Amino acid sequence: MNKMIELIIDDEKIIIEEGKTILEAARKANIYIPSLCYHPSQTIKANCRLCLIEIEGYSKLVTSCSTKAEPNMVVRTNSDSVKKARKITLELLLSNHDFNCSICSREDNCELKKVVDKEGINDSRFLSFFTKKPIDNTNPSIIRDINKCIKCGRCIEVCKNVQGLNILEEMSRSHKMMVGIPRGKYLSDILCTFCGQCSSVCPVAAITEKDDINKVWLAINNPVKHVIVQVAPAVRVSIGEMFGLEAGHNVTGKIVTSLRRLGFNNVYDTNFAADLTIVEESYELFKRVKEGGVLPMITSCSPGWINYIEQYHPELLEHVSSCKSPQQMFGAIAKTYYSEQLKRKPENIFVVSIMPCTAKKYEASREEMKSDGVNPDIDAVLTTREFAKMIKQSQIDFLNLEDGNFDDPFGFSTGAGTIFGNTGGVMEAALRTFYEMATGKALANIDFKDVRGLKGFKEAVIDLGDKKVKVAVVHSLLNAKKIINMLKENRADYAFIEVMCCEGGCIGGGGQPYNNQVDVKQKRIDALYHLDEAKEIRKSHQNPFIEKLYKEFLIEPHSDIAKKLLHTTYNDRKNKPEV
Amino acid sequence: MDIKKIIEEKGKKPENAIQILKEVQKINNYKYLSSPQIKIIADELGLSESKIVSLLSFYTLITEKYRGKYVIQICTNVSCYVNGSNNIVKEFEKELGIKMGETTSDGLFTLEYTSCIGCCNIAPAIRIGNKKFGELTPQKIQAIISKCRENL
């Protein structure tokens, strides 16, 4: 353990590890210092200048986020000069900000508004030099409103250091500096994967998910439409945070009840579709291993990852599993099998999915994702944040709701489907089924601990009796790049690779509640594994409703109808048309 | 010269990006870098296109915007500013019939701002290509423009 040091902030003695910053010391002691560019899981930028403080013996004010705490320092966070400096900084920020707060999508969780409220600023003394610039809203996933940007640089860092894409960059210099993209104004013109990580770190509403709430309300209020909804595994352990619960709180029951209150006709579970994905995907792997197909096989459930490989490394697409993601498998089954059972036309069934992801919005809009060739299988995708907003719009007292249960038949799921929401989960779920397919024996110890955890690159060896297979798990596109390089250099001797676009898997997705930090992600992951352990059935192929679905409709994995509905194709999208 | 050859020569490392960009711009007569050129440089150096465009937008010596034969760069820093660089800008805009940042329709002149060019002793100063002109007044501008035209 590091040496502890003692310093004084606002007359309070604080003991903290050596090497921590003054801001961290203050946060630990619950002393308020405003900040906008600081983010616990990012590097120090010190560009918003809001966390200025006064240190005895220093001639100037310093930024507390970038100054290390030293023994016996005497710090003031509320002195006159600090207050004045803070006020000027904020007023300058506001003089170039589109502060239409009442109609802004961030409403109650805008970091800038919180700081302005706390500092009691009513007006900016500076002449506003704000001019409205066009909004980037041409893609189905993300809206970029540069008018709201405060140039903190969090989005640039996450795009560069976590995802390794560096799509967003600082353009121009001095007061003309803007966060931007090359040439064309729109994210749809360049090789953006729509992972939405930028939107989950943005302190204001400069980058947000595309709002589809109204589309859903319209469908709910349309008597012709039968509106059904599926909820992704990662949502249930994170949405509580939007209502003040601690990270990792499982609120599945409340989600179901709130969805019923909102007016959805039936509430289903994406975990069911995840089980279906596992059966199809494991069978594909089994076939590839047995028949000498292209190995390693790579998972295909993360739409951000699919966008990445299609746009950056299309030559490796044959490695990607042809299985659709659980969201799309659910949509395809809903618009065919379910519609037959219900005796309703597919176009009168409106399928909503609640996802931790912004790229899912893009996935749902793809041409390949229309079972009948006309209507999309998934009609609307809401992120976790949008869903929480919908609950708040309806004045539902979420925390005091009774627990409800998912509807049958698509509400029953196994533990394997549940852990789809975190890194290593798809791998573990697939191995549970693949092992039994390959060996014909029952798997005794179903916990594959090697593939769990937040390590960026995980490996494991699975003993199949007569042979051993190597598997790998990566998350975040920066780590995906490592696997891609290994593949290109023929160093990847794996049979199966799981890739998740976002750090931590879906629980760290771009549509998740704000404060997507490492400790929060770990808690969400732990909660999913608890859910898995609590399930009676923990292997996807043993899900009785999946067995029934195959018996009544799909016949067997990779049957003609399964191939038509549950599998897809990918395209080379490396060269976008020149703008 | 071939772009890839320039990159080999300067060293295929991200930290050499600015030198490479300057050299490649020479291919286009010091005017600008085209988007295919930017794409090649980005791919070769393992940087994103955004990063390269960001560099181009930061430095005034390199640009991705098409510029005229004569790029008139007017210093905006303090010494030039207090010595009336604003009037110089106005005069140029009037004489050339274009606004700051634009290029004349005959493709001859582009007006640009630049940061300090180290000519504070002869402020207000401008730079056209490698030549510097100092101690300017609005009256001297027409002469500079006709001198450029004569050089055709």
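On a predicted model such as this, the values are computed, not experimentally measured, just so you know.

For chain B, the count of helices and strands is seven helices and four strands. Its helices and strands taken in sequence order, chain B reads α-α-α-α-β-α-α-β-β-β-α from the N to the C terminus. Dimensions of chain B, computed from C-alpha atoms along their principal axes, come out at roughly 50 × 30 × 25 Å. Sequence separation of 24 or more characterises 58% of the internal contacts of chain B that already satisfy a separation of 6 or more. Surface exposure of chain B reaches about 8200 Å², of which carbon and sulfur atoms provide 49%. Looking at chain B, you have 22 positive and 17 negative side-chain charges, and the mean spots of the two groups are 3 Å apart.

Residues and elements named next belong to chain A. For the structure on display, the rule yields 46 salt bridges over all chains. Asp377 is the salt-bridge partner of Lys324, the closest N and O atoms lying 3.8 Å from each other. Of this pair, Lys324 sits in the loop between helix H9 (303-312) and helix H10 (326-342) while Asp377 sits in the loop between helix H11 (359-364) and strand S14 (380-383), and the two are 53 residues apart along the sequence. Across the salt bridge formed by Asp493 and Lys470, the nearest N and O atoms sit 3.1 Å from each other.

With that settled, the discussion passes to the interface of chain A and chain B. Taken residue by residue, the interface counts 13 residues in chain A and 12 residues in chain B. Summing both partners gives a buried area of about 1100 Å² for chain A against chain B, and 45% of it is carried by carbon and sulfur. Three residues stand out in chain A for area buried against chain B, namely Arg173, Pro182 and Arg183 of chain A, and they jointly supply 47% of the buried area on that side. Joining chain A to chain B, the criterion identifies one salt bridge. Lys51 of chain B is the partner of Glu169 of chain A in a salt bridge, and the nearest nitrogen-oxygen pair spans 3.4 Å. Connecting chain A to chain B are seven residue pairs in polar contact (both at pLDDT 80 or more). The element that contributes the greatest number of residues to the side of chain A that touches chain B is strand S7 (residues 169-171) of chain A, accounting for three residues.

Another point: the pairing of strand S15 (residues 457-463) of chain A. Every regular strand shows the same layout, with side chains that alternate between the two sheet faces. Residues and elements named next belong to chain A. Of the two faces of S15, only one is covered, namely that formed by Lys458, Ala460 and Ile462; the face formed by Phe457, Glu459, Val461 and Asp463 stays uncovered. Bridging between S15 and strand S16 (residues 468-475) involves seven bridges; their strand directions are antiparallel. If you follow Ile462 over to S16, its bridge partner there is Val469. The antiparallel hairpin formed by S15 and S16 contains four residues in its connecting segment, where Gly465 sits at a positive phi of about 90 degrees.

Let's shift gears to the packing of helix H8 (residues 270-291) of chain A against H10 of chain A. Residues and elements named next belong to chain A. The contact between H8 and H10 brings their axes to 8 Å, and the two run at 100 degrees. Judged by the inter-axis angle, H8 sits roughly perpendicular to H10. For the pair H8 and H10, the contacting residues are Thr270, Ala273, Ala274, Leu276, Thr277 and Glu280 in the first and Pro326, Gln327, Met329, Phe330 and Ile333 in the second. When its residues are assigned to classes, the contact of H8 with H10 shows seven nonpolar, three polar and one charged.

With that settled, consider the pairing of strand S11 (residues 266-269) of chain A. Residue and element names in this part refer to chain A. By the alternation rule, side chains of S11 split into Asn266 and Tyr268 and Val267 and Asp269, which are all buried. Where strand S10 (residues 226-231) and S11 come together, four bridges link them in parallel fashion. Across the sheet, residue Val231 finds its bridge partner in S11, namely Asp269. On the question of chirality, the crossover connecting S10 to the parallel S11 by way of helix H7 (residues 252-262) is right-handed.

Residue and element names in this part refer to chain A. Within the open sheet, the four strands sit side by side as S11-S10-S13-S14. Their pairing is parallel. Strand pairing shows two members of the sheet lacking a second neighbour, S11 and S14, which therefore form its edges. With strand direction ignored, the average angle separating the axes of adjacent strands in the sheet is 25 degrees. One ladder, built from six bridges, connects S10 with strand S13 (residues 349-355); its direction is parallel.

Take the environment of Gly101 of chain B next. Residue and element names in this part refer to chain B. Here Gly101 lies in the loop between helix H6 (85-96) and strand S2 (109-114). Under the relative-accessibility criterion, Gly101 is labelled partly exposed at 25%. Sequence separation between Gly101 and Val71 is 30 residues, and the spatial gap between their C-alpha atoms is 9.9 Å.

With that settled, consider the domain arrangement of chain A. Residue and element names in this part refer to chain A. Its domain assignment divides chain A into domain 1 (1-131), domain 2 (133-210) and domain 3 (214-566). The C-alpha centroid of domain 3 is placed 27 Å from the C-alpha centroid of domain 2. Together, the buried faces of domain 2 and domain 3 total about 1900 Å²; carbon and sulfur atoms form 50% of this surface. The largest share of the area that domain 2 buries against domain 3 comes from Thr193, Ser200 and Glu209, three residues that together contribute 26% of it. Connecting domain 2 to domain 3 are one salt bridge. One salt bridge in this structure joins Arg385 and Glu209, with 3.1 Å as the shortest N-O distance. Remark: the boundary between domain 2 and domain 3 carries 21 residue pairs in polar contact (both at pLDDT 80 or more). Elements with a contribution of two residues or more to the side of domain 2 that touches domain 3: helix H4 (154-162) and helix H5 (197-201). The class makeup of the residues in the side of domain 2 that touches domain 3 is 11 nonpolar, nine polar and three charged.

Residues and elements named next belong to chain A. Taken in spatial order, the five strands line up as S2-S1-S5-S3-S4 in an open sheet, and their pairing is mixed. Strand pairing shows two members of the sheet lacking a second neighbour, strand S2 (12-17) and strand S4 (62-63), which therefore form its edges. Sheet topology places strand S3 (residues 52-55) next to S4; two bridges connect them, and they run antiparallel. Paired with Ile53 across the bridge in S4 is Val62. Seen against the sheet, helix H2 (residues 80-94) touches S3 and strand S5 (74-76) and runs at an angle of roughly 160 degrees to S3.

Let's shift gears to the side chain of Lys458 of chain A. Residues and elements named next belong to chain A. Assignment of secondary structure puts Lys458 in strand S15. Despite being buried, Lys458 has no salt bridge partner; Glu498 is the closest side chain of opposite charge, sitting 6.3 Å away. Within polar-contact distance, the side chain of Lys458 engages the backbone oxygen of Val451 at 3.0 Å.

A word on the nonpolar core. Residue and element names in this part refer to chain A. Residues Leu112, Ile239, Leu259 and Trp305 are the most contacted members of the largest nonpolar core, which totals 126 residues. The element best represented in this core is H10, accounting for seven residues. Sequence-distant contacts of Leu112, defined by excluding residues within four places in its chain, comprise Leu36, Leu90, Leu93, Leu94, His97, Ile150, Pro203 and Val204. The next biggest cluster of nonpolar side chains, apart from the first, holds 29 residues, and it includes Phe286, Met297, Cys301 and Leu443.

Definitions and limits used
- Residues numbered from 1 in each chain as written.
- Chains lettered and ligands numbered in written order.
- Predicted model: local features only at pLDDT ≥ 70, side-chain atom pairs only at ≥ 80, totals over all residues.
- Heavy atoms only, no water.
- Helix = DSSP H or I, 4+ residues; strand = E, 2+ residues; numbered from the N terminus.
- Contact = heavy atoms within 4.5 Å.
- Areas by Shrake-Rupley, 256 points an atom, 1.4 Å probe, with all protein chains shown as cover.
- Lys, Arg positive; Asp, Glu negative; His and termini not counted.
- Charge placed at Lys NZ, Arg CZ, Asp CG, Glu CD.
- Salt bridge = Lys/Arg side-chain N within 4 Å of Asp/Glu carboxyl O.
- Buried area = accessible area lost by both parts, 1.4 Å probe.
- Polar contact = N/O pair within 3.5 Å; in protein donor to acceptor, adjacent residues only side chain to side chain.
- Buried < 20%, exposed > 50% of the residue type's maximum accessible area, 1.4 Å probe, protein only.
- Pairing = 2+ DSSP bridges.
- Axes fitted to C-alpha atoms, helices over the stretch in contact; angles between N-to-C directions.
- Parallel < 35°, antiparallel > 145°, perpendicular 65-115°, else oblique.
- Nonpolar A, V, L, I, M, F, W, Y, C, P; charged D, E, K, R; others polar.
- Right-handed = clockwise from strand over helix to strand, strands pointing away.
- Domains from an automatic or database assignment.
- Core = buried A, V, L, I, M, F, W, Y, C linked by side-chain atoms within 4.5 Å.

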